[in-house]
Amino acid sequence: MTIWRGMACAVLVLVVCLSLFASWLAPDGYAKQYREVADAPPSATHWLGTDEIGRDRFARVLYGTRISLLLAPAAALLSTLMAALIGGLAGYVGGAWARIAMAITDLFLSLPWLFLLITVRALLPLNVSPLVSVLVTFLMLGLLGWTAAARVLCTTAGTLRGSDFVRQARASGISPTRLFWIHVAPNLKPVLYAQFWISIPVFILSEANLGILGLGVAEPMPSWGSLLRELEGLVSIGEQPWKFVSLLLLVIVVTSFQLVLSQEEAAA
Amino acid sequence: MLGQKIARHGITIVATVLIGALVSATLVRLAPGFDTDEAQLDPHLSSSSIEALRQSRLEQHNVLAFYVRSLKRATHGDLGTSISLGQPVSQLLKERVPLTIRLAGMGLLLSWAIVLALALTAAWLRLTAYDTLATMLSGTLLCMPAAVLALLSVLWNMPGALAIALIIFPRDFRFTRNLLAKAYALPHVLAARASGISESRILFRQVVPVVLPQLLALAGVSISLALGAAIPVEALCGLAGVGQLAWQAALARDLPLLVNITTLVTLVTLLANSSADVIGHMFGGQPS
């Protein structure tokens, strides 16, 4: 383990722990309004100041981090499983199934990611409760983000299908299901693991983009996307630098993921 | 061989667009709220007008019939009418496409200029400090949401094209840098260097022919990236292009408009990727 990777892991653990203890660190919650101190600078009571309707920014950053950091891996898990099911099976079975599966994959890949996201998001109702908006956003990311991973898995499974040890196992009369679970699936694991890690920062950034564009998590629920919307109202960077804390945290977390996954990519 | 490749790409593009449009039509038809029309709530409308509105909606119930009708109209240049803006979609696209082409084109040129300048210098100099700095710059930009870069461009009064360039740059830089580093490590390039051939001669005679097909493929992908980057940049910088139109259509759930934009962008992306593949093939490479 390199020193950079170790530091990245430590940062991720720290941020996850802080966000998990959000209800203890900020007991008043993310929605409570302190209207007498709206849009206030940092103080002893409000460490990162308050937003324009008086909500504590520190609490919102903690809760927003929790939502993004818990749901992005969940969406990544869903997309990796879908990629394994569609891409892995297509590569293993081969033939017409592989061609159809890859044609569907190409159809998804032919559209820029953000266009695909806003199109699908627009197909779903926008005027929903905050909780539903969180679920819809991350479910959509999970259900649409499998394509690139499916291509990689299809190629890997296809290579494994033609490998000597699989041919030998098949010749010895092993059943196709047993062959898949015992010989193919364990060899797909490193690729799946890498794809899972790669998807997390992609989904975090996608949620942030959707949030800034007003198509992500609905108010008053905080997420990194909705927190970054605050930057829209700024006139200059030096004006209220504490508003950049959520951006700084996002960049640190995504950088940490990139550092961790550079090793995973190499392993895959 | 080349003719076959072009024909295969042509068939793929037509098939993808037709299937994509069918999927879009199905999704539009099944989307929640498709059967309802706010106009039906207008108290000024007579019962016969409301009934006529209901009938027009009922005609769109069959997905396949809806798709065939839309396709027929599209062949005559009628892409329907935007629900939120009340204008023909074809007219809206005609007004907005030139700005997006200019913006994305300038962004692509800028981005490739930065990518090639940094990647080539890194490959030539082979200085760890320089390489680390360039990688850190691209890494930092890669960790920023595209919409934040668009917001920062507004704060710093940067042109929109530069924001697009900064969004595309880190995605292309890593690949280009690795490609050039590998090409410069090839035995014949090392031999050319050892024999004292000038750097520019090595670049154009030994390195470029090796990396060109892959760089062309990457350039094709960059067009798709630039179109994706146009959404946040145009939306947040107040530029009236296709990206802003797509964003407005998404916020207003203007599905006919959004589906047409999506189909147009898919077509452009496929054409760009296919052109890059065909040109790469002409240069004798196998881009993937």
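Since the structure is predicted, the reported quantities are computational estimates derived from the model, not experimental observations.

(A) Region of interest: the overall build of chain B. Tallying secondary structure elements over chain B gives 11 helices and 0 strands in all. Traced from its N-terminal end to its C-terminal end, chain B shows the element sequence α-α-α-α-α-α-α-α-α-α-α. Relative to its length of 288 residues, chain B is extended, with a C-alpha radius of gyration of 24 Å against a globular reference of 19 Å. Along the first, second and third principal axes, the C-alpha atoms of chain B reach 90 × 50 × 25 Å. Classification of the 288 residues of chain B by burial places 36% in the buried group.

(B) Spotlight on the overall build of chain A. A tally of regular secondary structure across chain A gives 11 helices and 0 strands. Ordered by position from N to C terminus, the α and β elements of chain A give α-α-α-α-α-α-α-α-α-α-α. Oriented by its inertia axes, the alpha-carbon framework of chain A measures out at about 75 × 45 × 30 Å. Across the 268 residues that make up chain A, the buried fraction comes to 44%.

(C) Quick peek at the domain arrangement of chain B. All names here are of chain B. With domains assigned, chain B is organised as domain 1 (1–78) and domain 2 (82–282). On a C-alpha basis, the centroid separation for the pair domain 1 and domain 2 is 32 Å. If you look at the interface, domain 1 gives 14 residues, while domain 2 gives 14 residues. Looking at the side of domain 1 that touches domain 2, its residues break down into 7 nonpolar, 5 polar and 2 charged.

(D) Inspection of unusual backbone geometry at higher detail. Residue Pro220 of chain A is reached from Glu219 of chain A by a cis peptide bond, and omega for that bond is 5 degrees. Tracing the chain through its elements places Pro220 of chain A in the loop between helix H9 (176–212) and helix H10 (224–228). The phi torsion at Asn157 of chain B lies on the positive side, around 55 degrees, for a residue other than glycine. By secondary structure assignment, the location of Asn157 of chain B is in the loop between helix H6 (146–155) and helix H7 (160–184). The exposure class of Asn157 of chain B is exposed, given the 6 C-beta atoms found within 10 Å. Its identity is not glycine, yet Arg253 of chain B carries a phi of approximately 50 degrees, on the positive side. Its location among the elements puts Arg253 of chain B in the loop between helix H10 (242–251) and helix H11 (255–282).

(E) Spotlight on the interface of chain B and chain A. Contacts between the two partners involve 36 residues from chain B and, on the opposite side, 34 residues from chain A. Taken together, the elements giving at least two residues each to the side of chain B that touches chain A come down to helix H1 (2–30), helix H5 (128–142), H6, helix H9 (199–237), H10 and H11 of chain B. A per-element tally of the side of chain B that touches chain A places H11 of chain B first, with 7 residues. The class makeup of the residues in the side of chain B that touches chain A is 25 nonpolar, 10 polar and 1 charged.

(F) Up close: the nonpolar core. Grouped together as the largest cluster of nonpolar side chains are 134 residues, with contacts concentrated most on Ile118 and Leu153 of chain A together with Ile164, Ala226, Ala230 and Ala246 of chain B. Mapping this core onto the domain boundaries places at least three of its residues in each of domain 1 (1–78) and domain 2 (82–282) of chain B. In terms of nonpolar packing, the next biggest core, distinct from the first, is built from 5 residues, Leu215, Leu216, Ala217 and Ala276 of chain B among them.

(G) Representation of the packing of helix H3 (residues 57–93) of chain A against helix H7 (residues 147–161) of chain A within the structure. Residues and elements named next belong to chain A. Following both chains from N to C, one finds H3 and H7 inclined at 35 degrees, their axes separated by 7 Å at the closest point. Taken as a pair, H3 and H7 cross one another with a handedness that is right-handed. Across from Ser79, Thr80, Ala83, Ala84, Ile86, Gly87, Gly88, Ala90, Gly91 and Tyr92 in H3, the residues of H7 making contact are Ala149, Ala150, Arg151, Leu153, Cys154, Thr155, Thr156, Ala157, Gly158 and Arg161. Residues that form the contact of H3 with H7 fall into these classes: 10 nonpolar, 8 polar and 2 charged.

(H) Region of interest: the environment of Val184 of chain A. Residue and element names in this part refer to chain A. Counting through the fold element by element, Val184 comes out in helix H9. Its 21 C-beta neighbours within 10 Å are what place Val184 among the buried residues. Residues Val184 and Val136, spaced 48 residues apart in sequence, show a C-alpha to C-alpha distance of 34 Å. What Val184 contacts, discounting residues up to four positions off in sequence, is Tyr92, Ala157, Leu160, Val166 and Leu179.

(I) Just the confidence of the model for chain A, in detail. Averaged over every residue, the pLDDT of chain A is 90; residues scoring 70 or more account for 97%. Per-element confidence in chain A ranges from a low mean pLDDT of 84 for helix H11 (residues 245–267) of chain A to a high of 94 for H3 of chain A.

(J) Expanded view of the packing of H9 of chain B against H11 of chain B. Residue and element names in this part refer to chain B. Remark: H9 packs on H11, axes separated minimally by 8 Å, with the N-to-C direction vectors making an angle of 170 degrees. Taken as axis vectors, H9 and H11 run roughly antiparallel relative to one another. Of the residues in H11, those in contact with Pro213, Leu216, Ala217, Ala219, Gly220, Val221, Ile223, Ser224 and Leu227 of H9 are Val265, Val268, Thr269, Ala272, Asn273, Ser275, Ala276, Asp277, Ile279 and Gly280. Classifying every residue of the contact of H9 with H11 by side-chain character gives 12 nonpolar, 6 polar and 1 charged.

Calculation rules
Residues numbered from 1 in each chain as written. Chains lettered and ligands numbered in written order. Predicted model: local features only at pLDDT ≥ 70, side-chain atom pairs only at ≥ 80, totals over all residues. Helix = DSSP H or I, 4+ residues; strand = E, 2+ residues; numbered from the N terminus. Rg over C-alpha atoms; globule rule 2.2 N^0.38 Å. Buried ≥ 20, exposed ≤ 12 C-beta atoms within 10 Å, placed from the backbone. Domains from an automatic or database assignment. Contact = placed C-beta atoms within 7 Å. Nonpolar A, V, L, I, M, F, W, Y, C, P; charged D, E, K, R; others polar. Core = buried A, V, L, I, M, F, W, Y, C linked by C-beta atoms within 7 Å. Axes fitted to C-alpha atoms, helices over the stretch in contact; angles between N-to-C directions. Left-handed = near helix turned anticlockwise from the far one by under 90°. pLDDT = per-residue confidence, 0-100. Parallel < 35°, antiparallel > 145°, perpendicular 65-115°, else oblique.

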